[in-house]
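# Structural features, examined
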Amino acid sequence: MQTETRPFIKPRTYIWKAADRTQTPGIGLMHGGKIRAHLTPAEAYDLANRLVDMADHLERDN
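Here goes a summary of the coordinates provided. (Residues numbered from 1 in each chain as written. Predicted model: local features only at pLDDT ≥ 70, side-chain atom pairs only at ≥ 80, totals over all residues. Heavy atoms only, no water.)

Although it is not a glycine, arginine 21 adopts a positive phi angle of roughly 75 degrees. Judged by its relative accessible area of 76%, arginine 21 is exposed. (Buried < 20%, exposed > 50% of the residue type's maximum accessible area, 1.4 Å probe, protein only.)

The subject of this paragraph is the pairing of strand S3 (residues 34-39). Bridge count between strand S2 (residues 23-31) and S3: 5 bridges; the pairing is antiparallel. The partner of methionine 30 across the bridge, within S3, is isoleucine 35. What sits between the antiparallel neighbours S2 and S3 is a turn of 2 residues, in which glycine 32 has the positive phi angle 60 degrees. (Pairing = 2+ DSSP bridges. Helix = DSSP H or I, 4+ residues; strand = E, 2+ residues; numbered from the N terminus.)

For the rest of this paragraph, the subject is the pattern of salt bridges. Once the charged atoms of two side chains with opposite charge are near each other, the side chains can pair. This model, assessed by the stated rule, comprises 1 salt bridge. Residue arginine 50 is joined to aspartate 46 by a salt bridge in which the shortest nitrogen-to-oxygen separation is 3.1 Å. With arginine 50 and aspartate 46 both in helix H1 (residues 41-61) and 4 residues apart, this pair spans about one turn of that helix. Given a relative accessible area of 45%, arginine 50 falls into the partly exposed group. (Salt bridge = Lys/Arg side-chain N within 4 Å of Asp/Glu carboxyl O.)

Here you go:
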């Protein structure tokens, strides 16, 4: 089903708490009030770099 509104995510700081009580600080990617992904700081930097590279590529092609 296609909607008129594009889906989006909202990043926020988030501490992932595992079943064994370990905590991993990082970035939570939220959608509809639910966490959809959790990134460590290193993963967040890697994703940010890849997103910038992809955006640059799109701008060059248009």
